[in-house]
Amino acid sequence: MHAVGIVAAAGSGLRLGSDVPKALVPLAGRPLVRWAVDTLLAGGVAEVVVAVPAAERDAFAAVLPDRVVLVAGGSSRTASVRAALKAVDSSADAVLVHDAARPLTPPDVVTRVLAALAGGARAVVPVLPVVDTTVAVGADGMITGALPREQIRRVQTPQGFHRATLVEAYRRLPAHAELTDDAAVVHTAKVRVATVDGDERAAKVTVAHDLALAELQVRV
Ligand code: C5P
């Protein structure tokens, strides 16, 4: 199977308290985006397209392998992935979309996603169980009901798709739609989304505390 990876790396470093884009922030001396690209390649993806902030293209090129294709991202994650998808080779069978913000994702997760696609899934996401009690809360902060946690999962990346299915789902999506992941994009196109086991190490780096935890993780 010919699989191409997309890394969404066009976000800002605002919540991390960084003045450079989050994907360029170093973890154990290696920028987050480089970790994400290396994971995809180690897991079996043949090529990678990275969506970067338009003004930072040179800084990204300097830290990534030459064969990685860079495209200008958009003002939302959805817009960035849409732009990267246009640069994916149309001969590819599968596309895996990954967040630069999940640097320590083990390559095994990539392998599991690819295996599910090879087994016939048109869309597949890595997931983890929820261990806490989960509730719905109203605008006033009061609990409105309980959510059965056995039916709930935390969704990670990389998320894998049959390429033509993902392209068609993005084509149908309204131009300014903003969804938090790509499974939501194909779900709106009524595509069934399968799940495989995720990994706690694929946690998302959002705030400074997450980066500190990731630094500790690299050391053990
Ligand atoms: O902001 P958040 O952490 O949810 O972003 C998830 C991923 O999407 C990050 O890797 C970020 O770089 C990427 N992103 C993007 N384009 C944007 C906003 C976020 O590629 N406009």
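These numbers come from a predicted model, not from an experiment. (Residues numbered from 1 in each chain as written. Predicted model: local features only at pLDDT ≥ 70, side-chain atom pairs only at ≥ 80, totals over all residues. Heavy atoms only, no water.)

To continue, consider the site of the ligand. The immediate surroundings of the ligand are formed by 15 residues, with Ala8, Ala10, Arg15, Ser80 and Lys204 found nearest. Gly11 is positioned with one of its backbone polar atoms (N or O) 3.0 Å from an oxygen atom of the ligand. A distance of 3.3 Å is found between a nitrogen atom of the ligand and a backbone nitrogen or oxygen belonging to Ser76. With respect to the pocket detection grid, the ligand is positioned in the largest pocket. Here the residues of the shell around the ligand are counted per class, giving 5 nonpolar, 5 polar and 5 charged. (Near = heavy atom within 4 Å. Polar contact = N/O pair within 3.5 Å; in protein donor to acceptor, adjacent residues only side chain to side chain. 1 Å grid on protein atoms, 1.4 Å probe; cavity = no way out; pocket = protein on both sides within 12 Å on 5 of 7 lines; lining within 4 Å. Sits in = over half its atoms within 2 Å of the grid points. Nonpolar A, V, L, I, M, F, W, Y, C, P; charged D, E, K, R; others polar.)

Bringing the packing of aromatic side chains into the picture now. The geometry of two aromatic rings is summed up by the distance between their centres and the angle between their planes. Tallied over the entire structure, the rule returns 0 aromatic pairs. The ring of Trp35 has Arg30 lying over it, and the distance from NZ or CZ to the ring centre is 3.8 Å. (Phe/Tyr/Trp six-rings, centres within 6.5 Å; stacked < 30°, edge-to-face > 60°. Lys NZ or Arg CZ within 6 Å of the ring centre and 35° of its normal.)

Moving on: unusual backbone geometry. Omega for the bond connecting Thr157 with Pro158 falls within 30 degrees of zero, at 10 degrees, which places this linkage in the cis form. Locating Pro158 in the fold gives a position in the loop between strand 10 (153–155) and strand 11 (159–162). Phi at Ala28 takes a positive value of approximately 50 degrees, unusual for a residue other than glycine. Checked against the element boundaries, Ala28 lands in the loop between strand 2 (26–27) and strand 3 (30–31). Given a relative accessible area of 44%, Ala28 falls into the partly exposed group. (Helix = DSSP H or I, 4+ residues; strand = E, 2+ residues; numbered from the N terminus. Buried < 20%, exposed > 50% of the residue type's maximum accessible area, 1.4 Å probe, protein only.)

Our next topic: the packing of helix 3 (residues 77–86) against helix 5 (residues 163–172). The contact between helix 3 and helix 5 brings their axes to 11 Å, and the two run at 130 degrees. Comparing their axes, helix 5 and helix 3 come out oblique. Classified by chirality, the crossing of helix 5 by helix 3 is left-handed. Mapping the contact onto sequence places Thr78, Val81, Arg82 and Leu85 in helix 3 and Leu166, Val167 and Tyr170 in helix 5. In terms of residue class, the contact of helix 3 with helix 5 is built from 5 nonpolar, 1 polar and 1 charged. (Axes fitted to C-alpha atoms, helices over the stretch in contact; angles between N-to-C directions. Parallel < 35°, antiparallel > 145°, perpendicular 65-115°, else oblique. Left-handed = near helix turned anticlockwise from the far one by under 90°. Contact = heavy atoms within 4.5 Å.)

Right, let's talk about the nonpolar core for a bit. Where a protein is soluble and globular, its nonpolar side chains tend to be buried together. If you look at the biggest cluster of nonpolar residues, it comprises 27 residues, and the most contacted ones within it are Val7, Val33, Val50 and Phe60. Of all the secondary-structure elements, those providing two or more residues to this core are strand 1 (3–8), helix 1 (32–43), strand 4 (47–52), strand 6 (94–99) and helix 4 (107–118). By size, the runner-up hydrophobic cluster in this structure holds 24 residues, among which are Ile6, Val88, Ala189 and Val191. (Core = buried A, V, L, I, M, F, W, Y, C linked by side-chain atoms within 4.5 Å.)

Spacing of three or four residues puts side chains on the same side of an α-helix, whose turn is 3.6 residues. Inspection of helix 5 places Arg163, Thr165, Leu166, Ala169 and Tyr170 among the buried residues, and these make up the whole buried set. Considered in projection along helix 5, the buried side chains sweep an arc of 165 degrees and stay on one side of the axis. In helix 5, the exposed positions angled more than 90 degrees off the buried face are occupied by Arg171 and Arg172. The inward-facing, buried residues of helix 5 contact helix 3, strand 6, strand 11 and helix 6 (182–188). (Arc of directions from axis to C-beta.)

Everything listed here is a matter of geometry and, on its own, says nothing about what the molecule does.
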